[in-house]
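Fold and geometry: a report
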Amino acid sequence: DAPLLRVSSLVKHFPIRHGVLQRQIAAVRAVDGIDFEVAPGQTLGIVGESGCGKSTTARLIMRLDEPTAGRIEFDGHDITHLSRGAIRPLRRELQMVFQDPYSSLNPRHTVGAIVGAPFRLQKVKTENGVKRAVQDLLELCGLNPEHYNRYPHEFSGGQRQRIGVARALALRPKMIVADEPVSALDVSIQAQIVNLLDDLQEELGLTYVIIAHDLAVVRHVSDRVAVMYLGKIVEVGGRDSLYGSPMHPYTVALMSAVPVPEPGGRDRAKRILLSGDVPSPVNPPPACRFHTRCWKAQEICRREEPPLRELRPGHMVACHFPEHAPDEAQVPGTAAA
Ligand code: SF4
Ligand code: MG
């Protein structure tokens, strides 16, 4: 199958002024050359700490930000530099679910107005048709269709996120990009929304990009997972391969911080604490950006940027000394040393 979304060499630099007189111009290298594809009907999860560029990636895919370089193809169309007007027809097919179900819904509008807005904008239905369509969507998303005339404050956080999902589904999109869709919700509610997204995917054949810092959420929903660090994808692979035996030291460290219930009550792997903070994306470390925090770093890591290499089928990693990898995957001449 051709991918529904293909991102190639995508870059987003935000210019900033700094220095005492604010005269020097520098760039926040939020996204610094990333590549990935998402097949139709599949979910790509993107994980990483805050500031790694995952939200910027979502905004670039949605064309809410203009890419600095690279290419974004959606459903066979190059959408990298489409103008606002030219992108409108694609808006039907590519929708977003936001993190905060409190601020992303207009408090002065009824649910009917909010979920029906996409129909009204695109002038695709009569008023009666809009009402019926909205009620169907509310039902599809587990809400009471009779609550059509209520306001966002009359709903719980989880229900509000269901309203956000209903709004995103109004025009029957092919793809939904969800940026931290459950992180603002109570833990007890998160699973309900995750399961709703899962059910809707099955029922409607949706393709998802789901961005989250929570590894457990991403594991639950994703077919493939990309791990970002300082504007780069450091590892990407099938969910089971990546969670079962992560190869990048950063992924290993992230996962070691997640409690995993092990069959037989065996002690889980030792927690790896990363030293130091995430360096500034204005001045990322040269070569391997993770070398300032990596317990495996060697001289070559500070000198040569490791390319993203496919070391297991469909599973790529950018590291000179990957974990759980075939021996020949080590850098020649250093592995034996
Ligand atoms: Fe660590 Fe070197 Fe691999 Fe970077 S390339 S993650 S510094 S071992
Ligand atoms: Mg799924």
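Being a predicted model, the structure only gives us computed values, none of them experimental.

So, the overall build of the protein
Across its full length, the protein carries ten helices and twelve strands. For 337 residues, the compact-globule formula gives about 20 Å, and the C-alpha radius of gyration of the protein, at 22 Å, lands near that figure. Per-residue burial over the protein gives 38% buried out of 337 residues. Across the protein, the fraction of contacts at a sequence separation of at least 24, relative to all contacts at a separation of at least 6, is 62%.

What to know about the environment of Phe 98
On the secondary structure map, Phe 98 appears in the loop between strand 6 (94-97) and helix 3 (111-122). Distance in space between the C-alpha atoms of Phe 98 and Ile 87 is 20 Å, their sequence separation being eleven residues. Among all residues touching Phe 98, those that are not within four sequence positions of it are Ser 104, Gly 164 and Asp 179.

Focus: the packing of helix 3 against helix 4 (residues 127-140)
Running from amino to carboxyl end, helix 3 crosses helix 4 at an angle of 120°, the nearest separation of the two axes being 9 Å. Classified by the interaxial angle, the pair formed by helix 3 and helix 4 is oblique. Between helix 3 and helix 4 lies a crossing whose hand is right-handed. Along its contact with helix 3, which presents Gly 112, Val 115, Gly 116, Phe 119 and Arg 120, the element helix 4 presents Val 130, Lys 131, Ala 133, Val 134, Leu 137 and Leu 138.

Description of the confidence of the model for the protein
Scored by pLDDT, the protein comes out at a mean of 90, with 93% of its residues at no less than 70. Confidence over residues 333-337 falls short of pLDDT 50; this stretch has four contacts with residues more than four positions distant or in other chains. We note a pTM of 0.90 for the whole complex and an ipTM of 0.93 for its interfaces.

A closer look at the site of ligand 1
Near ligand 1 the following residues occur: Pro 249, Cys 288, Phe 290, His 291, Cys 294, Lys 296, Ala 297, Cys 301, Pro 306, Cys 319, His 320 and Phe 321. Looking at side-chain class alone, the shell around ligand 1 contains nine nonpolar, two polar and one charged residues.

Re the nonpolar core
With 80 residues, the main nonpolar core has Val 115, Ala 166, Val 209, Ala 226 and Val 227 as its most contacted residues. Those residues in contact with Val 209 that lie beyond four places of it in its chain are Val 38, Leu 44, Ile 46, Ala 58, Ile 61 and Val 177.

Looking at the sheet that holds strand 3 (residues 43-47)
Spatially, the eight strands line up as an open sheet ordered 6-7-8-3-9-10-12-11, and their pairing is mixed. Whereas interior strands pair on both sides, the edge strands pair on one side only; in this sheet they are strand 6 and strand 11 (309-312). Here the average twist between neighbouring strands, direction ignored, is 25°. Note that strand 10 (residues 232-238) and strand 12 (residues 315-317) share two bridges and pair antiparallel. Paired with Val 236 across the strands is Met 316, a residue of strand 12. The sheet contacts of helix 1 (residues 54-61) involve strand 3, strand 7 (175-179), strand 8 (207-211) and strand 9 (224-229), and relative to strand 8 the element is tilted by about 150°.

A few points about the pairing of strand 2 (residues 24-38)
Here twelve bridges tie strand 1 (residues 5-18) to strand 2, and the two strands are oriented antiparallel to one another. Within the sheet, the bridge partner assigned to Leu 10 lies in strand 2 and is Ile 34. With antiparallel pairing between neighbouring strands as the criterion, strand 1 and strand 2 make up a hairpin whose turn holds five residues, including Gly 19 at a positive phi of roughly 85°.

Side note on the pairing of strand 7
For strand 7, the buried fraction is high: five of the five residues fall into the buried class. Note: strand 7 against strand 8, five bridges, orientation parallel. Directly across from Asp 179, in strand 8, lies its bridge partner Ile 211. Regarding topology, helix 6 (residues 187-204) serves as the crossover connection from strand 7 to the parallel strand 8, and that connection is right-handed.

With respect to helix 1
Burial analysis of helix 1 places six of its eight residues in the buried class, the great majority of the element. For helix 1, the set of buried residues is Lys 54, Thr 56, Thr 57, Ala 58, Leu 60 and Ile 61. Trailing helix 1 by a residue or two, Arg 63 shows a phi angle of about 60°, which is positive.

Describing the UniProt feature "domain: ABC transporter" (unreviewed entry) in the protein
The feature "domain: ABC transporter" (unreviewed entry), as given by UniProt, occupies residues 5-255 in the numbering adopted here. As a span, residues 5-255 carries 37% helix and 27% strand, and end to end its C-alpha atoms are 27 Å apart.

Some words on helix 4
For helix 4, spanning 14 residues, the distance from its first C-alpha to its last is 20 Å, which sits close to the expected 20 Å at 1.5 Å a residue. When helix 4 is considered as a whole, its buried residues turn out to be Val 130, Val 134, Gln 135, Leu 137 and Leu 138. Mapping the buried residues of helix 4 onto a view down its axis gives an arc of 160°, with all of them on the same face. Facing away from the buried side of helix 4 by over 90 degrees, the exposed positions are Asn 128, Gly 129 and Glu 139. Close packing links the buried residues of helix 4 with helix 3 and helix 5 (157-169).

Rules behind the numbers
Residues numbered from 1 in each chain as written. Chains lettered and ligands numbered in written order. Predicted model: local features only at pLDDT ≥ 70, side-chain atom pairs only at ≥ 80, totals over all residues. Helix = DSSP H or I, 4+ residues; strand = E, 2+ residues; numbered from the N terminus. Rg over C-alpha atoms; globule rule 2.2 N^0.38 Å. Buried ≥ 20, exposed ≤ 12 C-beta atoms within 10 Å, placed from the backbone. Contact = placed C-beta atoms within 7 Å. Axes fitted to C-alpha atoms, helices over the stretch in contact; angles between N-to-C directions. Parallel < 35°, antiparallel > 145°, perpendicular 65-115°, else oblique. Left-handed = near helix turned anticlockwise from the far one by under 90°. pLDDT = per-residue confidence, 0-100. Near = placed C-beta within 6 Å. Nonpolar A, V, L, I, M, F, W, Y, C, P; charged D, E, K, R; others polar. Core = buried A, V, L, I, M, F, W, Y, C linked by C-beta atoms within 7 Å. Pairing = 2+ DSSP bridges. Right-handed = clockwise from strand over helix to strand, strands pointing away. UniProt positions renumbered as here; feature names shortened; annotations may be inferred. Expected span 1.5 Å × (residues − 1). Arc of directions from axis to C-beta.

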